[in-house]
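Coordinate inspection notes
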Amino acid sequence: MEAPASRHGHDVLHLLLEAEAPMTPEQILERVTSAFGADARFHTCSREGLDVPTLLAMFFRKGKIVQQGGGYVVAGHRICNH
C-alpha cells in the first residue's frame with residue numbers, strides 16, 4: 001500500500017482559520033483528522049513526516065495556535081507565506 005502524500009502544515013492552519021469560534025484541542029484534532037484523515041502526513045518548512053498530533057503539538061509550542069477566550073485559534077500573523 002502506498003503511503004499517503006504529504007501535505008504542507010499551512011493547509012491545516014488555513015483549515016483552522018475557517019473556524020467560526022475558538023475550539024478546544026480535542027475539537028481541533030477532530031477537525032483536522034476529519035478533513036485530512038487519521039493517517040495523513042504533513043511537512044513544514046523545517047520538518048517532514050509529521051502525523052496530525054505531532055503537527056498540532058508543534059503548532060501549539062510555536063505559538064501558531066494560541067489560546068483565545070475559552071478555546072484556541074490560529075494566530076494568522078504567524079503563518080509564513082511561501
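Okay, so let's go over this structure. This structure is a prediction, so every number in the text was calculated from the model and none was measured.

A word on helix 3 (residues 52–61). By the burial criterion, the buried members of helix 3 are V52, L55, L56, M58 and F59. Buried residues of helix 3 fall within an arc of 160° about the axis and therefore sit on the same side. The inward-facing, buried residues of helix 3 contact helix 1 (9–17), helix 2 (25–36), strand 2 (41–43) and strand 3 (65–68). Where helix 3 ends, the next residue or the one after it, G63, has phi of about 75°, a positive value.

On any regular strand, side chains alternate: one points to one face of the sheet, the next to the other face. Taken together, the 4 bridges between strand 3 and strand 4 (residues 71–74) define a ladder with antiparallel strand orientation. Bridging from a neighbouring strand, V66 pairs with V73 of strand 4. The hairpin turn running from strand 3 into strand 4, its antiparallel successor, is 2 residues long, and G69 in that turn takes a positive phi close to 60°.

Turning to the side chain of K64, a few remarks are in order. Locating K64 in the fold gives a position in the loop between helix 3 and strand 3. In this structure K64 is buried but unpaired, with D11 as the nearest side chain of opposite charge at 13 Å.

Turning our attention to the packing of helix 2 against helix 3. Running from amino to carboxyl end, helix 2 crosses helix 3 at an angle of 130°, the nearest separation of the two axes being 10 Å. Considering the angle they form, helix 2 stands oblique to helix 3. With respect to the hand of their crossing, helix 2 and helix 3 are arranged in right-handed fashion. Here P25, I28, L29, V32 and T33 of helix 2 come into contact with helix 3, specifically with V52, P53, L56 and F60.

Next up on the list: the nonpolar core. V12, L16, V32, L56, F59 and I65 are the most contacted members of the largest nonpolar core, which totals 18 residues. Secondary structure elements with two or more residues in this core: helix 1, helix 2 and helix 3. Element by element, the count of residues in this core is highest for helix 3, at 5 residues. Leave out the neighbours within four places in its chain, and V12 touches V32, F36, F42, L55, L56 and F59.

What counts as what
- Residues numbered from 1 in each chain as written.
- Predicted model: local features only at pLDDT ≥ 70, side-chain atom pairs only at ≥ 80, totals over all residues.
- Heavy atoms only, no water.
- Buried < 20%, exposed > 50% of the residue type's maximum accessible area, 1.4 Å probe, protein only.
- Helix = DSSP H or I, 4+ residues; strand = E, 2+ residues; numbered from the N terminus.
- Arc of directions from axis to C-beta.
- Contact = heavy atoms within 4.5 Å.
- Pairing = 2+ DSSP bridges.
- Lys, Arg positive; Asp, Glu negative; His and termini not counted.
- Salt bridge = Lys/Arg side-chain N within 4 Å of Asp/Glu carboxyl O.
- Axes fitted to C-alpha atoms, helices over the stretch in contact; angles between N-to-C directions.
- Parallel < 35°, antiparallel > 145°, perpendicular 65-115°, else oblique.
- Left-handed = near helix turned anticlockwise from the far one by under 90°.
- Core = buried A, V, L, I, M, F, W, Y, C linked by side-chain atoms within 4.5 Å.

By themselves, these are just geometric observations and shouldn't be taken as functional.
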